[in-house]
Amino acid sequence: MSEIPPNVQRPTPDELREIAREHHMELSDAEVEDFMTAIEGTMPAYERLDELPDPRPRVEYTDRDPGYRPDREEDPLNAFVTKCRVEGADDGPLAGVEVGLKDNVSLAGVEMTLGSKLFDGYVPDTDATIVTRLLDAGATITGKLNMEDMAFSGSGELSATGPVLNPHSEDHIAGGSSSGSAAAVVDGDVDVSIGGDQGGSVRIPASWSGAVGHKPTHSLVPYTGIAGLGRSFDHAGPICTSVEDCARVLDVIAGKDPLDPRQGEVPTEDYTAALGSDPGEVCVGVLAEGFGHEESEAGVDDAVHEALSAFEDAGAEVTEVSVPMHLDGPAIWTAVANEATAATVDAEGIGHYGKGRYDTGLADYFGKARRAHADDYVTTLKLTVILGQYLADEYRSHYYAKGQNLARELTGRYDEALADVDVLAMPTTPQTAHEAREDLSRLEVVERALNMLPNTCPFDVTGHPAVSVPCGTSDGLPVGLMLVGERFDDATVLRAAEAFERSHGAAA
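Residues numbered from 1 in each chain as written. Predicted model: local features only at pLDDT ≥ 70, side-chain atom pairs only at ≥ 80, totals over all residues. Heavy atoms only, no water.

With respect to the overall build of the protein
Scanning the protein from N- to C-terminus turns up 14 helices and 14 strands. By the compact-globule yardstick of 23 Å for 508 residues, the protein fits well, its C-alpha radius of gyration being 23 Å. Seen through its principal axes, the protein has C-alpha atoms that stretch 85 × 50 × 50 Å. Looking at the protein residue by residue over its 508 residues, the buried ones come to 55%. A sequence separation of at least 24 residues applies to 75% of the contacts in the protein between residues at least 6 apart. For the protein, the exposed area adds up to about 21600 Å²; of that, 49% sits on carbon and sulfur atoms. Charged side chains of the protein number 37 positive and 90 negative; the gap between the two group centres comes to 6 Å. (Helix = DSSP H or I, 4+ residues; strand = E, 2+ residues; numbered from the N terminus. Rg over C-alpha atoms; globule rule 2.2 N^0.38 Å. Buried < 20%, exposed > 50% of the residue type's maximum accessible area, 1.4 Å probe, protein only. Contact = heavy atoms within 4.5 Å. Areas by Shrake-Rupley, 256 points an atom, 1.4 Å probe, with all protein chains shown as cover. Lys, Arg positive; Asp, Glu negative; His and termini not counted. Charge placed at Lys NZ, Arg CZ, Asp CG, Glu CD.)

Quick notes on the side chain of serine 242
Looking at the secondary structure, you find serine 242 in the loop between β9 (235-240) and α6 (243-253). With a relative accessible area of 17%, serine 242 lands in the buried category. In this view, serine 242 contacts Val212 and Glu501; residues no more than four positions away in its chain are not counted.

Here we look at the sheet that holds strand β2 (residues 80-87)
A sheet is described by the order of its strands in space; here twelve strands give the open sequence β1-β2-β4-β3-β7-β9-β8-β13-β14-β12-β10-β11, paired in mixed fashion. A strand with exactly one partner marks an edge of an open sheet, and here the two such strands are β1 (64-68) and β11 (317-321). For this sheet, the mean angle separating the axes of adjacent strands, direction not counted, is 25°. In this fold α6 packs onto β7 (192-197), β8 (212-215), β9 and β13 (466-474), with an angle of close to 140° to the strand it touches most, β9. (Pairing = 2+ DSSP bridges. Axes fitted to C-alpha atoms, helices over the stretch in contact; angles between N-to-C directions.)

Quick look at the packing of helix α3 (residues 129-136) against α6
The interhelical angle for the contact between α3 and α6, taken along N-to-C directions, is 110°, at an axis separation of 8 Å. With respect to each other, α3 and α6 are oriented roughly perpendicular. In this structure, α3 crosses over α6, and the sense of that crossing is right-handed. Listed contacts from α6 to Ile130, Arg133 and Leu134 of α3 are Val249, Val252 and Ile253. (Parallel < 35°, antiparallel > 145°, perpendicular 65-115°, else oblique. Left-handed = near helix turned anticlockwise from the far one by under 90°.)

Regarding the confidence of the model for the protein
Where the model shows low pLDDT, its predicted coordinates should not be examined in detail. Here the protein averages 96 in pLDDT, and 98% of its residues register 70 or above. Across residues 1-5 the pLDDT falls below 50, and counting only partners more than four positions away or on other chains, this stretch makes zero contacts in the model. (pLDDT = per-residue confidence, 0-100.)

A word on the packing of aromatic side chains
Note on aromatic pairs: each is described by the distance of the centres and the angle between the planes. Under the criterion given, the structure shown has nine aromatic pairs. Considering the side-chain rings of phenylalanine 119 and tyrosine 122, the 6.1 Å spacing of their centres and the 65° angle between planes classify their relative orientation as edge-to-face. Taken as a pair, phenylalanine 119 and tyrosine 122 share a single burial class, namely buried. Measuring from centroid to centroid gives 6.3 Å for tyrosine 390 and tyrosine 395, while their planes differ by 80°, and the two rings are edge-to-face. The partly exposed category is assigned to tyrosine 395, whose relative accessible area is 32%. An aromatic cluster is built from Phe119, Tyr122, Tyr365 and Phe366, whose rings are joined through pairwise contacts. For the cation-ring pair, lysine 83 lies above phenylalanine 80, with the distance from its terminal atom to the ring centre recorded as 4.8 Å. (Phe/Tyr/Trp six-rings, centres within 6.5 Å; stacked < 30°, edge-to-face > 60°. Lys NZ or Arg CZ within 6 Å of the ring centre and 35° of its normal.)

Quick word on a nonpolar patch on the surface
The grouping of Leu383, Leu387, Tyr390, Tyr395 and Tyr399 at the surface amounts to a nonpolar patch, some 450 Å² of accessible area in total. Examining the composition of the nonpolar patch, we find that three residues originate from one element, helix α10 (residues 379-394), more than from any other. The residue leucine 383 is located in helix α10 in this model. (Patch = residues over 30% accessible without salt bridge, like charges linked within 9 Å, V, L, I, M, F, W, Y side chains within 5 Å. Salt bridge = Lys/Arg side-chain N within 4 Å of Asp/Glu carboxyl O.)

Points about helix α11 (residues 398-418)
For α11, which comprises 21 residues, the first-to-last C-alpha distance of 30 Å matches the rise-based estimate of 30 Å (1.5 Å per residue) to within 8%. If you follow the buried residues of α11, they end up packed against α8 (329-346), β12 (423-427), α13 (458-462) and β14 (477-484). (Expected span 1.5 Å × (residues − 1).)

Regarding the pairing of β9
Counting buried positions over the six residues of β9 gives six, a clear majority of the element. Where β7 lies against β9, five bridges are found, and the strand directions are antiparallel. When the bridges of β9 are listed, isoleucine 194 appears paired with proline 238. The pairing of β8 with β9 spans two bridges and is antiparallel. Along β9, the bridge assignment pairs glycine 213 with isoleucine 239.

Quick notes on unusual backbone geometry
Cis geometry is adopted by the peptide bond preceding serine 177, which originates at glycine 176 and carries an omega value of 5°. Looking at where serine 177 falls in the secondary structure, it is placed in the loop between β6 (169-173) and α4 (179-186). Despite not being glycine, methionine 150 has its phi angle at roughly 60°, a positive value. Phi at tyrosine 353 takes a positive value of approximately 80°, unusual for a residue other than glycine. Along the chain, tyrosine 353 turns up in the loop between α8 and α9 (360-373).

Here we look at the pairing of β11
Inspection of the sheet shows strand β10 (residues 283-287) paired to β11 by five bridges, in the parallel sense. Pairing of valine 284 across the sheet is with valine 318, part of β11. The parallel pair β10 and β11, bridged by helix α7 (residues 298-313), forms a crossover whose chirality is right-handed. (Right-handed = clockwise from strand over helix to strand, strands pointing away.)

Observations concerning a negative patch on the surface
Residues Glu170, Asp171, Asp187 and Glu435 make up a contiguous surface patch of negative charge. The residue aspartate 171 is located in strand β6 in this model.

With respect to α7
Helix length check: α7, at 16 residues, gives a terminal C-alpha distance of 22 Å against a target of 22 Å (1.5 Å per residue), a fit within 8%. Among the residues of α7, Val300, Asp301, Ala303, Val304, Ala307, Leu308 and Phe311 are the ones counted as buried. Considered in projection along α7, the buried side chains sweep an arc of 160° and stay on one side of the axis. Those residues of α7 that are exposed and aimed more than 90 degrees away from the buried face are Ala298, Glu306 and Asp313. Phi turns positive one or two residues past the end of α7, at glycine 315, with a value near 125°. (Arc of directions from axis to C-beta.)

Structure follows, in structure tokens:
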């Protein structure tokens, strides 16, 4: 009778030596022999893990339509990856509301692609925490929305299924990485949507497409069940056509989740109830360093200044403030984001070491896919993984560590400015939407993916809440005003944005 092979494959002596060299060790033959014996004694623990079921959150609302991929006639902006239908509770604060999810948010039974070839055919078996909360609130999930490939771009043109077109001009792109989340809302295909934001990816497409996009305080909204890039700067938040809708969604999705290692204490408020202030109750600090970037278009800066001047005429207190370190924000973000993203990819997309739930299904699928098809990574992700790993290896993660230290310093500088005003104000992006183009060179792809970040990305590493609200146009394309507030004071940010929204609408 033949012996049954073990469940967990043992390393060979040569593999031990190779792994040791990766960690700057040279093993003697005696060490290799002893370690092989020790490892054999450890393997039963791992084989026992194979016998134990992997704990998974219970999936409710199991009557699910897995959906289909719409053609361009049905979806002319290319905003959807999948159209589906998952109905939630019979009543609740979001009863009757149709919600679209960025396609990095797990919805059990429905394909999740992350906008990438690598995830074609991947179907999660659990819901993200915010999906459970949306369904419990009575919402109906009607689509998985297109996004930049693996979320590492702000342009809106790098999805594996093609660019997402701007709802105001199909000659332009929607902005990313939550491109479909903005386009589908503005086009009326869903009532509200969920986006993700690591460098501006909720606020950029909101600005370019003419929507309201709210990046909540870091960790206010649980990220469990959402594929991310780095735990210290992963955010998820709503994209809607009004500030009030953003507040309604935030009321449902915000709050403590024991499964999310990003969270500590998570104070929440009634965000919808906080709305309704007059402009005279809002004090705005116009951030001098938010204007006049190398990438800035004069029409964008002018539109924001004009909108704030009208807000002041309506009664708001508007004053200029200065945070010189804001100009260093992109460099700080770059140091953190490059190495964190490389580490997340190397850790099969789920990372290590935090308490909380780990999606073993996602790790298994991505782990196999990247080993076989990493050449299919989008250009921006290839560059980030290579550069991030080089910096981690060559400089011993010095720049990542210094970036995180400087992020704390930058946080304090913004907090000092916010001590005297309710919100900081600046253009969301320095330019309007990029024109749609084909046959871009690799260097053009990289430049167009990142040149809109100077005002958005600093607040991903500091964690401050920020909302982009439409404030005008430049050459017929939408311009976004970004308002930023104190951490966990999302209510004030939304209150100020809604007061601006109402006065701007009345002025228009």
